Each structure stands twice: as C-alpha cells, then as structure tokens.
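# Residue-level structure breakdown
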There are 2 protein chains.
Amino acid sequence: MKRTLAVLVQNQPGVLNRVAGLFSRRVYNIHSLNVGVTDDPEVSRMTIIVDGDEQIIEQVTKQLHKLIDVIKVSDITDDPSVDREMVLFKVKAEAAVRGEIMQIAEIFRSRIVDFSKKSMIIETTGDQGKLNAIENALKPFGIIEMVRTGVISMVRGSK
Amino acid sequence: MKRTLAVLVQNQPGVLNRVAGLFSRRVYNIHSLNVGVTDDPEVSRMTIIVDGDEQIIEQVTKQLHKLIDVIKVSDITDDPSVDREMVLFKVKAEAAVRGEIMQIAEIFRSRIVDFSKKSMIIETTGDQGKLNAIENALKPFGIIEMVRTGVISMVRGSK
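Our next topic: the overall build of chain A. Each helix and strand counted, chain A has four helices and nine strands in total. Each principal axis of the C-alpha distribution contributes one length, and for chain A these read about 60 × 35 × 30 Å. Buried residues in chain A amount to 55% of all 159 residues. By sequence separation, contacts in chain A at least 24 residues apart represent 73% of the contacts at least 6 residues apart. Carbon and sulfur atoms form 50% of the exposed surface of chain A, whose accessible area is close to 7500 Å². Computed over 22 positive and 21 negative side-chain charges, the inter-centroid distance for chain A is 3 Å.

Set out below in structure tokens:
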C-alpha cells in the first residue's frame with residue numbers, strides 16, 4: 001500500500017541524506033521523493049511516497065521526528081488532496097505525424113515546449129491515470145525520453 | 001555555480017540513499033533533486049542540481065559512476081535544455097478577491113485545481129523566472145502553502 005508523507009525540514013546540506021538513509025536502513029521502499037523550498041527559503045518540503053501499511057508508517061514517522069532538521073511530518077494519505085506530477089515526453093515527430101501529436105497534446109491539455117525537425121517535447125501535468133493515458137497515446141510514435149518529477153501532494157481546502 | 005546532472009539508475013531500494021550519501025559526505029550541496037521512473041520501469045532518472053564548479057562536478061561524476069545501480073551520468077548544464085518545475089500554491093481567496101486571483105492564474109497560464117470557501121489551489125509550471133513572478137503576484141493575497149517539485153531538465157532536439 002502506498003502512503004504519502006509531507007515532511008517539512010530545515011534547508012541544510014545533508015538533510016536529504018539523513019532522511020533517505022532512514023528509509024534505506026530499514027528497507028522501506030521509497031516510491032517517489034521530491035524536495036523543494038517553501039515560501040520560507042530556510043525550510044524545504046519533501047513529499048515522500050512510500051510502500052507500507054499504517055503500522056510501518058507510524059514507525060517511520062516516529063523515526064523522522066527524531067532526526068534533527070525535521071520540523072514536521074504529516075501522513076496525508078487519507079486527507080482529501082491534490083496529487084499531481086509533471087512529466088516531459090520527448091517524442092519522435094517527423095512532419096507527417098506532427099498534427100496527430102499536437103491533437104493528443106491538446107486532448108490532454110498538455111503543452112509543446114520544444115520542437116525540432118525530428119522530435120517534440122511535450123509537458124503534461126496530472127494524476128497517475130492521466131499520465132499513463134497520455135504515455136500510452138504517445139508510445140506508438142516512439143518515446144525517446146521521459147522525465148518525471150515524482151508526485152507532489154497538497155491537502156485540499158483550508159483548515 | 002549551479003550544475004545540472006541527469007543520472008540514470010537501476011530502480012532499487014537504497015539507490016537514492018547511496019547517491020544522496022555521496023553528496024553529503026563530500027559536503028556538496030544539493031539544490032534540488034527529483035527521482036521518477038522512466039518508460040522502463042526498472043530504470044529511474046534523477047535530475048540533480050548541485051552547487052559547484054566544473055572540477056567538483058567532474059569529481060562527483062566519477063564518484064557516481066563507481067556506485068552500483070548507476071547506469072549513466074550526464075552533465076547537461078551547457079546543453080540547450082528545457083528546465084521546468086511544477087508548483088502548487090494554496091492562496092487565501094475569499095469571494096471578493098477570487099476574480100483577481102483567477103486573472104493572475106490566466107496571465108501565467110496556470111490552472112485552478114482546487115476551490116474552497118476560503119482558498120484556492122493553483123498549479124503552475126515554468127522556469128525559475130516565471131515561478132518567482134507568479135509567487136510575487138500571489139503573495140499579497142496570502143500564500144497558505146507552497147509545494148514545489150524541484151526542477152527537471154531535458155536536452156532539446158534529438159541527437
């Protein structure tokens with residue numbers, strides 16, 4: 001089962017290592033991880049998606065709280081949330097198929113962010129279902145490269 | 001100076017830890033890091049933005065190559081590339097200011113992905129300059145929360 005943790009940390013060198021180290025020493029598998037600064041440049045926020053049941057997550061949360069530089073850990077799996085990822089696809093695109101690829105991009109509300117004689121780069125955002133769907137739609141043309149950001153999560157509404 | 005590394009790794013538990021460990025032991029500062037699977041589910045790609053000059057990056061690259069699970073390391077700093085990040089902003093949004101916030105979202109080609117009585121979540125993608133600009137535009141309304149994916153990078157064109 002996948003659980004989503006939002007972790008606020010002091011923006012210090014080595015903090016990512018300590019957090020990742022905690023997971024790997026205990027053989028928890030990190031499915032996806034992001035780090036980005038918040039509106040306070042001293043504070044970063046990690047979104048960690050980890051495989052495990054509630055008991056394991058409880059242990060992990062306790063361990064995380066013990067690390068210096070960790071400010072707050074929230075398990076937001078069961079909160080109603082916006083879960084989104086960005087993906088860049090580089091797709092083979094000779095002149096003859098460009099129109100068709102542009103249609104797919106439009107259907108998925110995606111953007112073409114690079115263009116060359118033989119390829120295009122398409123930027124798309126969404127949940128896993130949408131990203132899988134566009135990947136399948138683009139596959140027949142030939143995906144040269146695919147880069148994903150990993151999922152970020154934000155709890156809906158304002159408490 | 002910031003350098004951008006694209007690192008392909010075997011998708012194994014612990015690989016993130018080994019990579020992050022390498023940077024922290026040597027006191028290189030990771031500015032931003034992403035991990036996401038590629039079109040081959042056995043292979044993940046990391047985009048790492050690190051502070052350092054060319055000599056330091058050369059050392060890091062050599063060290064990375066020594067790690068098991070690391071398939072390929074490319075310094076793509078000087079390649080023409082698409083560098084983009086996704087950010088979610090949760091902004092205070094009482095009825096009276098909603099119109100104005102929606103205008104800002106439109107100007108920055110952003111999307112409103114959640115709505116409640118008192119707040120909205122805005123999804124936006126772009127380079128650092130654009131993201132800073134929209135952050136400044138939204139600040140006066142009150143940013144409740146901001147989550148960033150970190151930057152992903154893809155070399156333009158097809159070699």
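What follows picks up the thread again.
The figure often quoted for interface size is the accessible area lost as the parts come together. Residue and element names in this part refer to chain A. Split into domains, chain A comes out as domain 1 (2-75) and domain 2 (82-155). The C-alpha-based centres of domain 1 and domain 2 are spaced at 29 Å. Taken together, the contacts link seven residues of domain 1 with five residues of domain 2. Taken together, both faces of the contact between domain 1 and domain 2 bury some 420 Å²; the carbon and sulfur share is 45%. Our count for the domain 1 to domain 2 interface comes out at zero salt bridges.

This paragraph deals with the relation of the copies chain A and chain B. When chain A is fitted to chain B, the best match, at an RMSD of 0.0 Å, comes from turning it 180° and sliding it 0.0 Å along the axis. Such values leave the two copies arranged in the relation of a two-fold axis. An overlap of 100% is found between the interface residues of chain A and their copies at the interface of chain B, pointing to a shared contact surface.

With that out of the way, let us pick up the pairing of strand β3 (residues 43-51) of chain A. Residue and element names in this part refer to chain A. Judged by how many residues are buried, β3 sits mostly within the fold: eight of nine residues are covered. When strand β1 (residues 2-10) meets β3, the two strands line up antiparallel, connected through nine bridges. Of the residues in β3, the one forming a bridge with A6 is T47. In this structure, strand β2 (residues 29-37) lies alongside β3, joined through eight bridges in antiparallel fashion. Following the sheet pairing, V35 is matched in β3 by M46. Here β2 hands over to β3 after five residues, the two strands then running antiparallel side by side.

Taken residue by residue, the interface counts 51 residues in chain A and 51 residues in chain B. Of the roughly 4600 Å² buried between chain A and chain B on both sides combined, carbon and sulfur atoms contribute 60%. At the boundary of chain A and chain B, one finds six salt bridges. Between R84 of chain B and E123 of chain A there is a salt bridge; the shortest N-O distance is 2.2 Å. Applying the counting criterion to the chain A and chain B interface returns 20 residue pairs in polar contact (both at pLDDT 80 or more).

With that settled, the discussion passes to the pattern of salt bridges. Residues and elements named next belong to chain A. Under the counting rule described, the total for this entry stands at 17 salt bridges over all chains. With a closest N to O distance of 3.8 Å, K90 and E145 form a salt bridge. Within this pair, whereas K90 is found in strand β5 (residues 81-92), its partner E145 is found in strand β8 (residues 143-148), the two being separated by 55 residues in sequence. Residue class for K90 comes out buried when judged on its relative accessible area of 5%. Several salt bridges converge on common partners, so that one network encompasses R3, D75 and D78.

What follows is about the sheet that holds strand β1 (residues 2-10) of chain B. Strand order in the open sheet formed by eight strands is β4(A)-β1(A)-β3(A)-β2(A)-β2(B)-β3(B)-β1(B)-β4(B), with antiparallel pairing between adjacent strands. Unpaired on one side and paired on the other, β4 (70-75) of chain A together with β4 (70-75) of chain B mark the two borders of the sheet. With strand direction ignored, the average angle separating the axes of adjacent strands in the sheet is 20°. Each of β1, β3 and β4 of chain A touches helix α2 (residues 54-66) of chain A; the most contacted strand, β1 of chain A, lies at about 5° to it. Each of β1, β3 (43-51) and β4 of chain B is contacted by helix α2 (residues 54-66) of chain B, which is oriented at about 5° to β1 of chain B, the strand it contacts most.

In the Ramachandran plot, D69 of chain A falls in the positive-phi region, its phi being about 80° despite a non-glycine side chain. Positionally, D69 of chain A belongs in the loop between α2 and β4.

So, how was this worked out
Residues numbered from 1 in each chain as written. Chains lettered and ligands numbered in written order. Predicted model: local features only at pLDDT ≥ 70, side-chain atom pairs only at ≥ 80, totals over all residues. Heavy atoms only, no water. Helix = DSSP H or I, 4+ residues; strand = E, 2+ residues; numbered from the N terminus. Buried < 20%, exposed > 50% of the residue type's maximum accessible area, 1.4 Å probe, protein only. Contact = heavy atoms within 4.5 Å. Areas by Shrake-Rupley, 256 points an atom, 1.4 Å probe, with all protein chains shown as cover. Lys, Arg positive; Asp, Glu negative; His and termini not counted. Charge placed at Lys NZ, Arg CZ, Asp CG, Glu CD. Domains from an automatic or database assignment. Buried area = accessible area lost by both parts, 1.4 Å probe. Salt bridge = Lys/Arg side-chain N within 4 Å of Asp/Glu carboxyl O. Least-squares fit on C-alpha atoms with pLDDT ≥ 70 in both. Pairing = 2+ DSSP bridges. Polar contact = N/O pair within 3.5 Å; in protein donor to acceptor, adjacent residues only side chain to side chain. Axes fitted to C-alpha atoms, helices over the stretch in contact; angles between N-to-C directions.

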